[in-house]
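Summary of structural features
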Amino acid sequence: MKSKLIAGNWKMNGSLAANQALVEALIVGFAQARCGVALCVPAPYLAQVQSLIAESRIDLGAQDVSEHVSGAFTGEASADMLREFGVRYCLVGHSERRQYHTETDAVVAVKAQRALAVGITPIVCVGETLAQREAGETELVVKRQLAAVIHANGHCISEIAVAYEPVWAIGTGRTASPAQAQAVHAVLRAQLQAATPHADRVHILYGGSMNAANAAELLAQADIDGGLVGGASLKPVDFLSIIAAAQ
Ligand code: PGA
């Protein structure tokens, strides 16, 4: 069985001093962890966190990557640039990017491609809004979002990770129940199985108000291979509890 992966998504939070304190606390508590742990940090802090985690088993992650390879794209960071800082994972298509930066399924698929091309594992985020869930469209929406990435990435699809993050559960304190989450994860697994014989290798993470209290039950579900953790990843005690629940 593959080990679980717990990825922290710091979003646009942190400072040099706060990052150092947080990472140092994690490294002390993390010594025994047997699951994968990654920190997806704001781009300006990649170099700092790369050096802070250099001697640890924590992996570095980014929160976004440009759909372009290089050139006149002010404000963007390319996959090659991320790679230079030792980035192993990169979120693509987080709902906040889809919502505030109008990232379409097609753009997300290209971003996943750019990451894969340089050996970075894209964590492809999918998830429905509350209105879509209430309209019974959850399956349709997440399958459409993942289908674009499968279509653009062909045989490499077993090299991605997926994060199911219901938009209504992100930062709201409202978590999908383990059964609700597992049902969607099973749909995503089946979709991957139809695309690759290696679908079981793909980590499908749950994200959306995962915390120290609810992590164990979510992580016990058959198709939940880890977590993408926002708010709780900024609190070392909470994040370490989630990591402990993933052992
Ligand atoms: P949350 O965020 O854990 O604060 O809900 C998760 C995410 O957006 O990745």
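Everything numeric in this text was worked out from a predicted model, so none of it was measured.

Observations regarding the site of the ligand
With respect to spatial proximity, 13 residues lie near the ligand, and among them Lys11, His94, Glu165, Gly171 and Ser209 are the closest. A distance of 2.7 Å is found between an oxygen atom of the ligand and a backbone nitrogen or oxygen belonging to serine 209. Interatomic distance of 2.9 Å between a backbone N/O atom of glycine 231 and an oxygen atom of the ligand. In isolation the ligand exposes 280 Å². Once the protein is present, 95% of that is buried. Each residue belonging to the shell around the ligand can be placed in one class, and the counts come to 4 nonpolar, 7 polar and 2 charged.

Digging into the environment of histidine 68
Within the secondary structure, histidine 68 sits in the loop between strand E3 (58-62) and helix H3 (79-84). Placed 152 residues apart in sequence, histidine 68 and alanine 220 show a C-alpha to C-alpha distance of 38 Å. For histidine 68, the residues in contact, after removing those within four places along its chain, are Phe73, Ser78 and Arg114.

A look at the pairing of E3
Looking along a regular strand, one sees side chains alternate from face to face of the sheet. In terms of burial, E3 is largely enclosed, as 5 of its 5 residues are buried. Burial along E3 is two-sided: Ile58, Leu60 and Ala62 and Asp59 and Gly61, pointing in opposite directions, are all buried. Bridging between strand E2 (residues 36-40) and E3 involves 4 bridges; their strand directions are parallel. Counterpart to valine 37 in the pairing with E3 is isoleucine 58. Following the chain from E2 across helix H2 (residues 46-52) to the adjacent parallel E3, one finds a crossover that is right-handed.

Remarks on the side chain of glutamine 48
As for its placement among the helices and strands, glutamine 48 is situated in helix H2. With sequence-adjacent residues up to four places away left out, glutamine 48 is seen in contact with Ser15, Leu16, Asn19 and Gln20.

Let's talk about unusual backbone geometry
One non-glycine residue, threonine 102, adopts positive backbone phi at about 45°. Turning to its location among the elements, threonine 102 is positioned in the loop between helix H4 (95-100) and helix H5 (105-117). For threonine 102, a relative accessible area of 62% gives the class exposed.

Description of the pattern of salt bridges
According to the stated counting rule, one finds 14 salt bridges in the structure shown. Salt-bridge contacts for arginine 97 lead to aspartate 64; the nearest nitrogen and oxygen are separated by 3.4 Å. Of the two residues, arginine 97 is situated in helix H4 and aspartate 64 in the loop between E3 and H3; the sequence distance between them amounts to 33 residues. Note on arginine 97: relative accessible area 24%, which makes it partly exposed. Residues glutamate 128 and arginine 133 are paired through a salt bridge, measuring 2.7 Å at the closest nitrogen-oxygen approach. According to the relative accessible area criterion, arginine 133 is partly exposed, its value standing at 22%. A single salt-bridge network, built from bridges that share partners, covers Lys2, Arg189, Asp223 and Asp225.

A short note on the packing of helix H7 (residues 138-153) against helix H8 (residues 178-195)
Remark: H7 packs on H8, axes separated minimally by 10 Å, with the N-to-C direction vectors making an angle of 35°. Considering only the axes of H7 and H8, their crossing is right-handed. Between H7, through Thr138, Glu139, Val142, Lys143, Leu146, Ala147 and Ile150, and H8, the contact on the second element is made entirely by Val184, Val187, Leu188, Gln191, Leu192 and Ala195.

Side note on the packing of H5 against H7
The description of two packed helices rests on the angle between their axes and on the distance between the axes. Put simply, H5 and H7 touch, their axes get as near as 8 Å, and they point 45° apart. Judged by the inter-axis angle, H5 sits oblique to H7. In this structure, H5 meets H7 at a crossing whose hand is right-handed. For the pair formed by H5 and H7, the contact residues are Asp105, Val108, Ala109, Ala112, Gln113 and Leu116 on the first element and Arg144, Gln145, Ala148, Val149, Ala152 and Asn153 on the second. A per-class count over the contact of H5 with H7 returns 7 nonpolar, 3 polar and 2 charged.

What counts and how
- Residues numbered from 1 in each chain as written.
- Predicted model: local features only at pLDDT ≥ 70, side-chain atom pairs only at ≥ 80, totals over all residues.
- Heavy atoms only, no water.
- Near = heavy atom within 4 Å.
- Polar contact = N/O pair within 3.5 Å; in protein donor to acceptor, adjacent residues only side chain to side chain.
- Areas by Shrake-Rupley, 256 points an atom, 1.4 Å probe, with all protein chains shown as cover.
- Nonpolar A, V, L, I, M, F, W, Y, C, P; charged D, E, K, R; others polar.
- Helix = DSSP H or I, 4+ residues; strand = E, 2+ residues; numbered from the N terminus.
- Contact = heavy atoms within 4.5 Å.
- Buried < 20%, exposed > 50% of the residue type's maximum accessible area, 1.4 Å probe, protein only.
- Pairing = 2+ DSSP bridges.
- Right-handed = clockwise from strand over helix to strand, strands pointing away.
- Salt bridge = Lys/Arg side-chain N within 4 Å of Asp/Glu carboxyl O.
- Axes fitted to C-alpha atoms, helices over the stretch in contact; angles between N-to-C directions.
- Left-handed = near helix turned anticlockwise from the far one by under 90°.
- Parallel < 35°, antiparallel > 145°, perpendicular 65-115°, else oblique.

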